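Architecture and fold: a report
Chain by chain, the residues:
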Amino acid sequence: MPTGKFSGRFPAWSVVQVDCLDGDTFVKFVDSTGRLTGQADYREKLEARVWCHVGMAEAYRLVALDASRVTDVSLDVPGANGGDTKELERQIDLLAQDVSPFVKGHRYYSPVTYFWPDYYNGATSKWNRTLGYGSSLGVVIMNRNSGDWETFDADFQKQAARALSAGAKRCVFYVKTQYGVAELPKDDPARAGVPDVDKYTQDYILQQIAWAKKNYPNECQGVFLDEVVNGWGAQAPRLDWYRRLFKKIRDLYGKQFLIVINTGSNIADDFVSADFDICMCFEERADTYLKNDAAKPVMTDRMMQEPATRWWHVIHDVTKDNYQKVVNQAASLDVAHLYITDGQLVKGEGGQWKPEVNPYQNPPSEWLMPLTIAWVNGYLDILNRVIALEAKQK
């Protein structure tokens, strides 16, 4: 009995419907890796029409499709004996280019998860505490020795898979770029004081990404490029270096492979149009965030013209006294990705490269979790009223 099988790559969290001419219908779901959860096949059918309905989902539950995001792709699939499906794959790939898990108008808790996989530690696990944010999660970061992905590590595979199952929209793998100084002239002052100054060439960076994708094909859904220039002043000439790097990544892995960059500050107008998906454009103390110095604003006018889903703010040194002001500031700046923590940064003698106290060595304290989840989902004001009423009753 002949069987036609679809081997194409479908957008994650889509529904594939196969309508056969004799009235039979097969409906299959696509998981976060782009694989069908069942074999979409048709037996003894001469023709079939394939529909790929693209929608959003959380964890491994398919949710109601947002009508504004439903897109249909259809074409006749020739032959029932494993016919050529290249045209189907091409059409689906074209569709997937414009599908993002991050929806305009939504907010996401995107934590800085630099800590080692520790899912096996139960109640004391840093990752388990982080994944408790569930469907509020946006991007999570896997970081193995600042981007050493040559060797497969089962703990990283399991931890990344758990993060996606818990509700993370994308899992990205960390790789340093060290401001592109490795390929500057040897006497360039920007190279002074940078450890392993010749290490992070484009070839090295691309090799690490390739190993990550090879070793973790289902979990590596993008790259987190750390220590990226902001494009201001003396860094401006290095923007072309980064544009070339982004293009190489796009050519290799496509539009659905997330390119996340960390500049730590606002970026030059010329850099806003570069082909990255998300920029961590603030990484500082809460008092600096609230001050929002006009001479060095958190967001430039040019950045504010872009979708909020392109920007990620990381604020540390958050307290019970200032958290409301911090999230109000985030709302006024229209940022979609937020990470607030009461962790502190103390550079000390180690400076930028080896700070004495790292705000990312632990997840935020537990008191921040319900407040952050409420802000992400738009009910923080109600929660604050409930907390105030409970305080009065005590």
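This is a predicted model, so every value here is computed, not measured.

**A closer look at the side chain of Thr372**
- Here Thr372 lies in helix α10 (residues 368-376).
- With relative accessibility at 4%, the residue Thr372 sits in the buried group.
- A distance of 2.8 Å separates the side chain of Thr372 from the backbone oxygen of Leu368, its partner in a polar contact.
- Beyond its immediate stretch of four places on either side in the chain, Thr372 contacts Tyr109, Tyr133 and Ile340.

**Let's talk about the packing of aromatic side chains**
- A complete count under the given rule lists 27 aromatic pairs for this structure.
- Relative to Phe224, the ring of Tyr174 has its centre 5.8 Å away and its plane inclined at 25°; by these criteria the two rings are stacked. Taken together, the residues Tyr174 in strand β10 (residues 170-176) and Phe224 in strand β11 (residues 222-226) connect sequence positions 50 residues apart.
- Using a relative accessible area of 4% as the deciding quantity, one classes Tyr174 as buried.

**Looking at the side chain of Thr113**
- Structurally, the position occupied by Thr113 is in the loop between β8 (108-109) and α2 (126-131).
- What makes Thr113 buried here is its relative accessible area of 0%.
- Reaching out from Thr113, the side chain makes a polar contact with the backbone oxygen of Ile141 at a distance of 2.6 Å.
- With sequence-adjacent residues up to four places away left out, Thr113 is seen in contact with Trp127, Thr130, Val140 and Ile141.

**Structural notes on the sheet that holds β8**
- Strands sit in the order β8-β15-β14-β13-β12-β11-β10-β9 across an open sheet of 8 strands; the sheet is parallel. Single-partner strands in this sheet number two, and they are β8 and β9 (139-142).
- Judged from the 6 bridges that link them, strand β13 (residues 278-285) and strand β14 (residues 311-316) form a sheet pairing that is parallel. Note on β14: the bridge partner recorded for Glu284 is Ile315.

**Considerations on the environment of Ser136**
- Structurally, Ser136 is set in the loop between α2 and β9.
- With residues up to four places along the chain from it excluded, the contact list for Ser136 reads Tyr108, Tyr109, Ile373, Val376 and Asn377.

**With respect to unusual backbone geometry**
- With a phi close to 50°, Asp196 is a non-glycine residue in the positive phi region.
- Following the sequence through the fold, Asp196 ends up in the loop between β10 and α4 (202-215).
- Taking the relative accessible area as the measure of exposure, Asp196 reaches 53% and is therefore exposed.
- The phi angle at Glu227 is positive, at roughly 55°, despite the residue not being glycine.
- Relative accessible area serves as the criterion here: at 10%, Glu227 is assigned to the buried category.

**A few points about the packing of α4 against helix α5 (residues 239-253)**
- Viewed as axis vectors pointing N to C, α4 and α5 meet at an angle of 30°, and their least axial separation amounts to 11 Å. Between α4 and α5, the angle falls in the class roughly parallel. At the point where α4 passes α5, the crossing takes the right-handed sense. Facing α4, whose interface residues are Gln202, Ile205, Leu206, Ile209, Ala210 and Lys213, α5 presents Trp241, Arg244, Leu245, Lys248, Ile249, Leu252 and Tyr253.
- In terms of residue class, the contact of α4 with α5 is made up of 9 nonpolar, 1 polar and 3 charged.

**With respect to the pairing of β11**
- Within β11, 5 of the 5 residues are buried, which leaves the element mostly enclosed by the surrounding structure.
- Alternating residues of β11 divide into Gly222, Phe224 and Asp226 and Val223 and Leu225, and every residue in both groups is buried.
- Where β10 and β11 come together, 4 bridges link them in parallel fashion. Bridged to Tyr174 within β11 is Phe224.
- For the handedness criterion, the β-α-β arrangement of β10, α4 and β11 is classed as right-handed.
- Both β11 and strand β12 (residues 258-262) contribute to a ladder of 4 bridges, which runs parallel. Its bridge partner being in β12, Gly222 is matched across the sheet by Leu258.

Rules used throughout
Per chain, residues are indexed from 1 in the order of the written sequence. At least 70 in pLDDT is required for a residue's local features to be given in this predicted model, at least 80 for side-chain atom pairs to be given and counted, and no such filter applies to totals for whole chains, interfaces and linings, which use all residues. Excluded from the side-chain calculation are hydrogens and water; included are all heavy atoms of the structure. Under the DSSP-based scheme used, a helix requires at least four consecutive residues in state H or I and a strand at least two consecutive residues in state E, with every element numbered from the N terminus. Classification of residues uses two cut-offs on accessible area relative to the type maximum, computed with a 1.4 Å probe and protein chains only: under 20% is buried, over 50% is exposed, and between them is partly exposed. Any pair of nitrogen or oxygen atoms within 3.5 Å is treated as a polar contact; in protein, a donor-acceptor pairing is required on top of that, and neighbouring residues in sequence qualify only through side-chain atoms on both sides. Residue contacts follow a heavy-atom distance rule, with two residues in contact if any of their heavy atoms lie within 4.5 Å. Paired rings are identified among Phe, Tyr and Trp, the last through its six-membered ring, by centres lying within 6.5 Å, and are further divided according to the angle between planes into stacked (under 30 degrees), edge-to-face (over 60) and tilted (the rest). Following DSSP output, two strands are said to pair if at least two bridges run between them. Note on definitions: angles span 0 to 180 degrees between N-to-C directions of axes, and those axes are lines fitted to C-alpha atoms, for helices only across the stretch in contact. Oblique is the label for any angle not covered by the other classes, which are roughly parallel (under 35 degrees), roughly antiparallel (over 145) and roughly perpendicular (65 to 115). Each crossing gets its handedness from the near helix: less than a right angle anticlockwise from the far helix is left-handed, clockwise is right-handed. Note on residue categories: nonpolar means Ala, Val, Leu, Ile, Met, Phe, Trp, Tyr, Cys or Pro, charged means Asp, Glu, Lys or Arg, and polar means any other residue, Gly included. With its strands directed away from the observer, a crossover is right-handed exactly when the path from the first strand over the helix to the second travels clockwise.

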